[in-house]
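Examination of the molecular architecture
Next come the chains, spelled out residue by residue.
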Amino acid sequence: MSTLSTHVLDLVSGQPAAGMEITLWSGGERLFVGMTNIDGRCPDLSVAVGDMPGGSYRLEFAVAAYFRGRGMALSDPPFLDIVPIAFGMAQRAPGEKGGHYHVPLLVSPYGFSTYRGS
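The structure contained in this document is the topic of the report that follows. Values in this document were obtained by computation on a predicted structure and should not be read as measured data.

How each quantity is defined
All residue numbers refer to position in the chain's written sequence, counted from 1. Where local features are concerned, this predicted model is filtered to residues with pLDDT of at least 70; where side-chain atom pairs are given and counted, the filter is 80 or more; whole-chain, interface and lining totals use all residues. For the side-chain quantities, the full set of heavy atoms in the structure was used; hydrogens and water were omitted. Runs of H or I in DSSP of at least four residues are treated as helices and runs of E of at least two as strands, each being numbered from the N terminus. By definition, residues are in contact when any of their heavy atoms lie within 4.5 Å. By definition here, a salt bridge exists when the distance from a side-chain nitrogen of Lys or Arg to a carboxyl oxygen of Asp or Glu is within 4 Å. Note on classification: 1.4 Å probe, protein chains only; a residue is buried when its accessible area is under 20% of the maximum for its type, exposed when over 50%, partly exposed between these limits. Pairing between strands is defined by DSSP: at least two bridges between them are needed.

Our focus in this paragraph is the environment of aspartate 81. By secondary structure assignment, the location of aspartate 81 is in the loop between helix H2 (63–69) and strand S6 (82–89). The spatial distance from the C-alpha of aspartate 81 to the C-alpha of tyrosine 110 is 9.8 Å, given a sequence separation of 29 residues. Residues within four places of aspartate 81 in sequence aside, it is in contact with Phe61, Ala62, Val63 and Ala64.

Put simply, aspartate 76 and proline 77 share a cis peptide bond, and its omega is 5°. In this fold, proline 77 is placed in the loop between H2 and S6.

All right, on to the pattern of salt bridges then. Tallied over the full model, the rule gives one salt bridge. A salt bridge links glutamate 60 to arginine 58, with the shortest nitrogen-to-oxygen separation between them at 2.9 Å. The class of arginine 58 is partly exposed, set by a relative accessible area of 27%.

In this section: the pairing of S6. Side chains Val83, Ile85, Phe87 and Met89 of S6 all project onto a buried face; the interleaved residues Ile82, Pro84, Ala86 and Gly88 project onto a face where none is buried. When strand S5 (residues 55–62) meets S6, the two strands line up antiparallel, connected through eight bridges. Across the sheet, serine 56 pairs through a bridge with glycine 88, a residue of S6.

None of the figures reported here should be taken as evidence of function without further support.
Right, here's the structure in full:
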């Protein structure tokens with residue numbers, strides 16, 4: 001079992017992206033929907049999903065809605081609407097301590113970057 005966290009930074013303002021909707025999926029099942037806080041983090045995510053088994057997951061970030069909510073004019077359809085990040089968590093052997101997966105997102109209306117953080 002492993003834990004999961006995320007952090008979103010708005011590259012336009014240089015600030016944490018407060019108020020961005022995040023959805024976590026596994027297969028076709030929605031596991032979590034929440035919003036980033038003032039620090040661009042989503043502490044409700046780790047509380048809601050707790051220890052997670054190894055497998056494939058997808059975080060979806062509602063980027064266009066976030067930037068429109070800040071008064072930014074975007075094309076219709078926007079270049080980036082929902083940013084999906086598909087990632088895997090390694091299956092741990094019985095008795096082996098799980099790892100922590102941190103999936104940060106650095107985003108603007110026209111580009112994004114991510115990595116496995118700590």
